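Okay, here's what each chain looks like letter by letter:
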Amino acid sequence: MPLNTMSLTPVAAGVAVVCLGLASPAHSQWGFGAVDAMRSVDISADAPTFREQAIRYYKQFSLFEADEMADWYDAEYFAEKGVALAHGEPIAPETVEDQGIEPGLERTRLERARAALIRVLETDGPAIAPKASAYALVSYDCWVEQVQEGHQAAHIQACRSQFRDAMTVIAAYDAGATPDVVAETVVYFGFDQATLTSDAQDALRALETQLDDPDAVSLRVIGHADRAGPADYNRDLSERRAVAVAEALTDMGLRVDQIDTLAMAGAGETAPAVETGDGVREPRNRRVVVQAVWREAADHPVAMASAGDVVLESDLW
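Just so it is clear, the model here is predicted, and its values are computed rather than measured.

A.B. asks: Would you take a moment to explain the overall build of the protein for this structure?
C.D. replies: Scanning the protein from N- to C-terminus turns up eleven helices and four strands. Sequence-distant contacts in the protein: of pairs separated by 6 or more residues, those separated by 24 or more amount to 78%. In the structure as shown, the protein presents an accessible area of about 14,000 Å², 51% of it carried by carbon and sulfur atoms.

See below:
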């Protein structure tokens, strides 16, 4: 698999190259030199820079692929990304096109997640949240790789959850920002459903008519669920609802770049409109909130949940 070469400027700017004495992979007798090189890396979990943390996470991921999964080719590929970082070379998150991922829900999730990740990496994410930004990058690559393989649902979910945890931490840095909301609507869903009703479609069309200048705003799309069912399932359900609304907005003619992909997320059952006990079905909590905010305000991400207890270390690798 070829290395992506898009330069992420804030990653390179103002950050010293981490000199780890890593030899070129081509020098390995067995053809897996990057994996061998990454074994020698010793970076603390408290390392202060994005680059160091990304190298550390790529080491963990690549050695998991080599030693636990016996997938030496993917191990070498992701180890090469760590080596590239160590030598100050630009890398980028994987793309669904390069990995041949077919259209569907997982591809949609990955495309929107990548857009959010790129936005973090190209702004001040690596500076203000270096460890979380690095964890988001490597967890996203893990997620793409697992979807491409397509046979280990638990690993797909683990990598996706890691990415979501990292983005929650990043968002928490700007949780105090108050968006300048110019229009808002709420659409509701049936029990255990992520399909838009005719009333929901009407609500979205009504929102569109309120936007005098669609090019001047971004749309924040936040899905929610009631407390009937497991919390993990409800978070997934709320995300599917958010994706359904975002796709409907796109079908209405709004460009993808007008949908704030960092704030397009599923809050699960954590932010109910109506407080209930666990296991209670509540129609008013089965919803997606859509806010149109001025693009300047959209530069501030919104935290979906408390980041205080998030541990940025993988249980998978």
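A.B. asks: What is the right way to look at the packing of helix α4 (residues 72-86) against helix α7 (residues 130-149) in this model?
C.D. replies: For any two helices packed against each other, one specifies the inter-axial angle together with the distance between the axes. It is the contact of α4 with α7, at a shortest axis distance of 12 Å, that shows an interaxial angle of 160 degrees. By the criterion of interaxial angle, the relationship of α4 to α7 is roughly antiparallel. Along this stretch, α4 crosses α7, giving a crossing that reads as right-handed. Of α7, the residues touching α4 (which contributes Asp74, Phe78 and Lys81) are Asp141, Glu145 and Glu149.

A.B. asks: Help me out: how do you make sense of the packing of helix α5 (residues 105-122) against α7 in this one?
C.D. replies: Running from N to C, α5 and α7 point in directions that differ by 160 degrees, and their axes come no closer than 11 Å. It follows from the interaxial angle that α5 and α7 lie roughly antiparallel. As α5 runs across α7, the sense of the crossing is left-handed. In this structure, α5 uses Glu106, Arg109, Leu110, Ala113, Arg114, Leu117, Val120 and Leu121 to contact α7, whose residues at the interface are Ser133, Ala136, Leu137, Tyr140, Trp143, Val144 and Val147. The residue makeup of the contact of α5 with α7, split by class, is eleven nonpolar, one polar and three charged.

A.B. asks: Sorry, what's going on with the nonpolar core here?
C.D. replies: A general feature of soluble globular proteins is that nonpolar side chains tend to end up buried together. If you look at the biggest cluster of nonpolar residues, it comprises 55 residues, and the most contacted ones within it are Tyr58, Leu110, Tyr140, Trp143, Phe163 and Trp317. Those elements that place two or more of their residues in this core are α2 (33-39), α3 (50-68), α4, α5, α7 and α8 (153-172). For this core, the element with the highest residue contribution is α7, accounting for eleven residues. Excluding anything up to four places from it in sequence, Phe163 contacts Ala113, Leu117, Ala136, Ser139, Tyr140 and Trp143. The next biggest cluster of nonpolar side chains, apart from the first, holds 21 residues, and it includes Val187, Ala203, Leu211 and Val290.

A.B. asks: Explain the packing of aromatic side chains to me, please; I cannot follow it from the model alone.
C.D. replies: Aromatic ring pairs: the centre-centre distance and the angle between the two ring planes describe each pair. Enumeration over the complete set of coordinates arrives at eleven aromatic pairs. Ring centres of Phe61 and Trp317 lie 5.6 Å apart, and the angle between their planes is 40 degrees; on these two criteria the pair is classed as tilted. In this pair, Phe61 sits in helix α3 while Trp317 sits in the segment after α11 (295-298), placing the two residues 256 residues apart along the sequence. For the pair Phe61 and Trp317, one class covers both residues: buried. Aromatic rings pair up to connect Tyr57, Phe61, Tyr77, Phe78, Tyr135 and Trp317 into one cluster. Note that Arg56 overlies the ring of Tyr57, its terminal NZ or CZ placed 4.7 Å from the centroid. The positively charged end of Arg281 is found above the aromatic ring belonging to Phe191, 3.6 Å away from the centroid.

A.B. asks: How should the pattern of salt bridges be read in this particular structure?
C.D. replies: A side chain with one charge can pair with a side chain of the opposite charge if their charged atoms come near. One pass over the structure, following the stated rule, counts 19 salt bridges. Asp278 is the partner of Arg227 in a salt bridge, and the nearest nitrogen-oxygen pair spans 3.8 Å. Highlighted residues: Arg227 in the loop between β2 (217-223) and α10 (231-251) and Asp278 in the loop between β3 (265-266) and β4 (287-294), separated in sequence by 51 residues. Judged by relative accessible area, Arg227 falls into the partly exposed class, the value being 27%. With relative accessibility at 58%, the residue Asp278 sits in the exposed group. For Arg284, the salt bridge identified is with Glu282, shortest N-O distance 2.9 Å. Look at Arg284 and you get partly exposed, because its relative accessible area is 48%. One connected set of salt bridges, linked through shared partners, spans Glu106, Arg109, Arg160, Arg164, Asp236, Glu239 and Arg240.

The rules behind these values
- Position numbers for residues start from 1 in each chain and track the written sequence from start to end.
- This being a predicted model, a pLDDT of at least 70 is required before a residue's local features are given, and a value of 80 or more before pairs of side-chain atoms are given or counted; all residues contribute to the totals for chains, interfaces and linings.
- Values shown for side chains rest on all heavy atoms present in the structure; no hydrogens or waters enter the calculation.
- Helix and strand assignments come from DSSP, with helices taken as H or I runs of at least 4 residues and strands as E runs of at least 2, each series counted from the N terminus.
- Contacts are assigned to residue pairs with any non-hydrogen atoms lying within 4.5 Å of each other.
- The Shrake-Rupley method, run with a 1.4 Å probe, gives the accessible areas here. Residue values count only the displayed protein chains as cover.
- For helices, the fitted axis covers only the stretch in contact; all axes are lines through C-alpha atoms, and the angles between them, taken along N-to-C directions, range from 0 to 180 degrees.
- Relative orientations are named as follows: roughly parallel for angles under 35 degrees, roughly antiparallel for angles over 145 degrees, roughly perpendicular for angles from 65 to 115 degrees, and oblique for any other angle.
- Should the near helix be turned anticlockwise from the far one by less than a right angle, the crossing is termed left-handed; should it be turned clockwise, right-handed.
- Side-chain classes are defined by residue name, with Ala, Val, Leu, Ile, Met, Phe, Trp, Tyr, Cys and Pro counting as nonpolar, Asp, Glu, Lys and Arg as charged, and the others, Gly among them, as polar.
- Definition used in this section: a nonpolar core is a set of buried Ala, Val, Leu, Ile, Met, Phe, Trp, Tyr and Cys residues joined via side-chain atoms within 4.5 Å.
- Relative accessibility thresholds used throughout: buried, under 20% of the residue-type maximum; exposed, over 50%; partly exposed, between the two (1.4 Å probe, protein chains only).
- Side-chain rings of Phe, Tyr and Trp, where Trp is taken by its six-membered ring, are said to pair if the distance between their centres is within 6.5 Å; with planes under 30 degrees apart they count as stacked, over 60 as edge-to-face, and otherwise as tilted.
- Each ring is checked for a lysine NZ or an arginine CZ that lies within 6 Å of its centre and within 35 degrees of its normal; such an atom marks a charge sitting over the ring.
- Counted as salt bridges are all cases of a side-chain nitrogen of Lys or Arg within 4 Å of a carboxyl oxygen of Asp or Glu.

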